[in-house]
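What follows is each chain in one-letter form.
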Amino acid sequence: FKLIDLASTIILLGGCVAIFVQAKKSQLNPDDYSFSSKKVVSVGVPNTVIFDYDASKSPSDIVIIQQSWDTKLRTNVSKSDRQHTSIYYFPEYYRAKLIVGNQVVKEHHLFIKSDGWLTAVNTSPVPVYFKKEDALVDGKLALSVEKIKSQNIQLQPDIRTTLYANVQDFGEIYTDGFAFEARLKNEYKEGSSVCQKTNIFLLADEAWVGIPLYAKGCVSDAEVFFAGNYVSGKKHDLSAFGTEFDDFVDVKIESSNKKAKIFINEKLSYEIDVKRRSKIIGIYFTFEGTGAVDFVKLWSDKAIFEDQFN
């Protein structure tokens, strides 16, 4: 039995070595590839991005350019070509990737800024953009149901999401040391939008912040993102993020010493660990249906951004 065990062990080790050698051989050398990009428009969306790449040394016919973290935004390209273009419809801090086979061989950041506040309704495959004056009403950022319907967008039975976005270089503001305040309200509660799903997203170069607000009965669907930390309402009590939206809701965030406190209507509602330090580069407000923002303020001890929409 000992001889059999020894023989089995030798065969097993030999197989492991063979697999390891094969894996080493299959690893591609990133230095054999190049990947860069340039924007057609310096600021604003939609924005066409021209990718220059060289994948001529690819051993595989599978060469892919991925626009961002989203694996749905992939395009197969030819290893013999040298350029590919893509349209980006939303401002954000993207990380574009060149993929050969199933290995990312090159990637780089791509910063697409908004031109001030962008207002859009998320329709597929292309969002519908609105003029700035369409959403500035009585000192608030507020796109009305009537304005949305004037563009032949129906809010029922399919759920539509209205986005207000401001993406830019805010200066030295990082997820591990900042404060944020906003007053907002979801203004649509019809049919399939009964949960009034609303989110504040602070976009960052590495790890976002996401604060949800829901009708009280729907908080099971709530999700909190905070600089590398994720909490699901399916597994945790996030009832503090439930509200009736009868009036505007005040949201405040204070982040310092690897801890963040979230206040809703001046009440400490949630505390969460801050796992990653990322530079904040954008603000998204998203409303199931539509909503309004009365003011917003983002600051640290080195920079400040504030807008009261006057």
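Residues numbered from 1 in each chain as written. Predicted model: local features only at pLDDT ≥ 70, side-chain atom pairs only at ≥ 80, totals over all residues. Heavy atoms only, no water.

Participant: Is there a simple way to explain the overall build of the protein in this structure?
Facilitator: Helices and strands together make up the secondary structure of the protein, namely 3 helices and 24 strands. Counting across all 310 residues of the protein, residues that qualify as buried make up 46%. Within the protein, contacts between residues separated by at least 24 positions form 64% of all contacts whose residues are at least 6 apart in sequence. Summed over its atoms, the accessible surface of the protein is roughly 16400 Å², and 50% of this surface lies on carbon and sulfur atoms. Side chains of the protein give 38 positive and 40 negative charges; the mean places of these two sets differ by 6 Å. (Helix = DSSP H or I, 4+ residues; strand = E, 2+ residues; numbered from the N terminus. Buried < 20%, exposed > 50% of the residue type's maximum accessible area, 1.4 Å probe, protein only. Contact = heavy atoms within 4.5 Å. Areas by Shrake-Rupley, 256 points an atom, 1.4 Å probe, with all protein chains shown as cover. Lys, Arg positive; Asp, Glu negative; His and termini not counted. Charge placed at Lys NZ, Arg CZ, Asp CG, Glu CD.)

Participant: In this structure, what is going on with the sheet that holds strand S7 (residues 103–112)? I would like to understand it.
Facilitator: What holds strands together in a sheet is hydrogen bonding between their backbones, with the strands either parallel or antiparallel. Within the open sheet, the 4 strands sit side by side as S4-S3-S6-S7. Their pairing is antiparallel. Each having just a single partner strand, strand S4 (74–77) and S7 make up the two edges of the open sheet. The mean inter-strand angle of the sheet, taken between neighbouring strand axes irrespective of direction, is 20°. In this sheet, strand S6 (residues 92–100) lies alongside strand S3 (residues 63–66) in antiparallel orientation, the contact comprising 4 bridges. Bridging across to S6, Ile64 finds its partner in Ile99. (Pairing = 2+ DSSP bridges. Axes fitted to C-alpha atoms, helices over the stretch in contact; angles between N-to-C directions.)

Participant: Teacher, can you tell me more about the pattern of salt bridges here?
Facilitator: A side chain of one charge can pair with a side chain of the opposite charge if their charged atoms are brought near each other. Evaluation of the coordinates by the stated rule reveals 16 salt bridges. One salt bridge in this structure joins Lys57 and Asp32, with 3.8 Å as the shortest N-O distance. Taken together, the positions of Lys57 in the loop between strand S2 (47–54) and S3 and Asp32 in the loop between helix H1 (2–26) and strand S1 (34–39) put the pair 25 residues apart, joining distant regions of the chain. Given a relative accessible area of 29%, Asp32 falls into the partly exposed group. With its nearest N and O atoms 2.7 Å apart, the salt bridge here joins Glu107 to Lys97. (Salt bridge = Lys/Arg side-chain N within 4 Å of Asp/Glu carboxyl O.)

Participant: How should the sheet that holds S1 be read in this particular structure?
Facilitator: Read across the open sheet, the 3 strands follow the order S1-S2-S5; overall the sheet is antiparallel. Of all strands in the sheet, those with a lone pairing partner are S1 and strand S5 (83–88), marking the two edges. Sheet twist, expressed as the average angle between the axes of neighbouring strands with direction ignored, equals 25°. Across 6 bridges, the pairing between S1 and S2 is antiparallel. Within the sheet, the bridge partner assigned to Phe35 lies in S2 and is Tyr53.

Participant: Please explain the nonpolar core as it appears in this structure.
Facilitator: General note: in soluble globular proteins, nonpolar side chains tend to be found buried as a group. Phe180, Ile211, Phe226, Ile283 and Phe285 are the most contacted members of the largest nonpolar core, which has 54 residues in total. Every residue in contact with Phe285, bar those within four places of it in the chain, is listed here: Trp117, Thr162, Leu163, Tyr164, Phe180, Ala182, Leu184, Asn199, Ile200, Val293 and Val296. In this structure, Ile65, Leu98, Val105 and Phe111 belong to the second largest nonpolar core, which totals 28 residues. (Core = buried A, V, L, I, M, F, W, Y, C linked by side-chain atoms within 4.5 Å.)

Participant: Help me understand the environment of Ser232 in this model?
Facilitator: Looking at the secondary structure, you find Ser232 in strand S17 (residues 229–232). For the pair formed by Ser232 and Ala215, sequence separation is 17 residues and the distance between their alpha carbons is 16 Å. The contacts of Ser232, once residues within four sequence positions are left out, are Ala222 and Leu238. At a separation of 3.0 Å, a polar atom in the side chain of Ser232 contacts the main-chain amide nitrogen of Lys234. (Polar contact = N/O pair within 3.5 Å; in protein donor to acceptor, adjacent residues only side chain to side chain.)

Participant: Would you explain the environment of Tyr214 in this entry?
Facilitator: When you line up the elements, Tyr214 lands in strand S15 (residues 209–215). Not counting chain neighbours up to four residues away, the residues in contact with Tyr214 comprise Cys195, Gln196, Lys197, Val219, Asp221, Ala222, Phe241, Gly242, Thr243 and Phe245.

Participant: Explain the pairing of S5 here, please?
Facilitator: As a general feature of sheets, a regular strand has side chains that alternate between the two faces. Residues His84, Ser86 and Tyr88 point to one face of S5 and are all buried, whereas Gln83, Thr85 and Ile87, pointing to the other face, are not buried. Bridge analysis of S2 against S5 gives 6 bridges, and the strand direction is antiparallel. Looking at the pairing, Val49 lines up with Ser86 of S5.

Participant: It is not clear to me how the confidence of the model for the protein should be interpreted in this structure. Could you clarify?
Facilitator: Parts of the model with low pLDDT should not have their predicted coordinates read in detail. With 92% of its residues at a pLDDT of 70 or more, the protein shows a mean pLDDT of 91. Below pLDDT 50 for its whole length, residues 16–25 participates in 0 contacts with residues either more than four positions away or in separate chains. (pLDDT = per-residue confidence, 0-100.)

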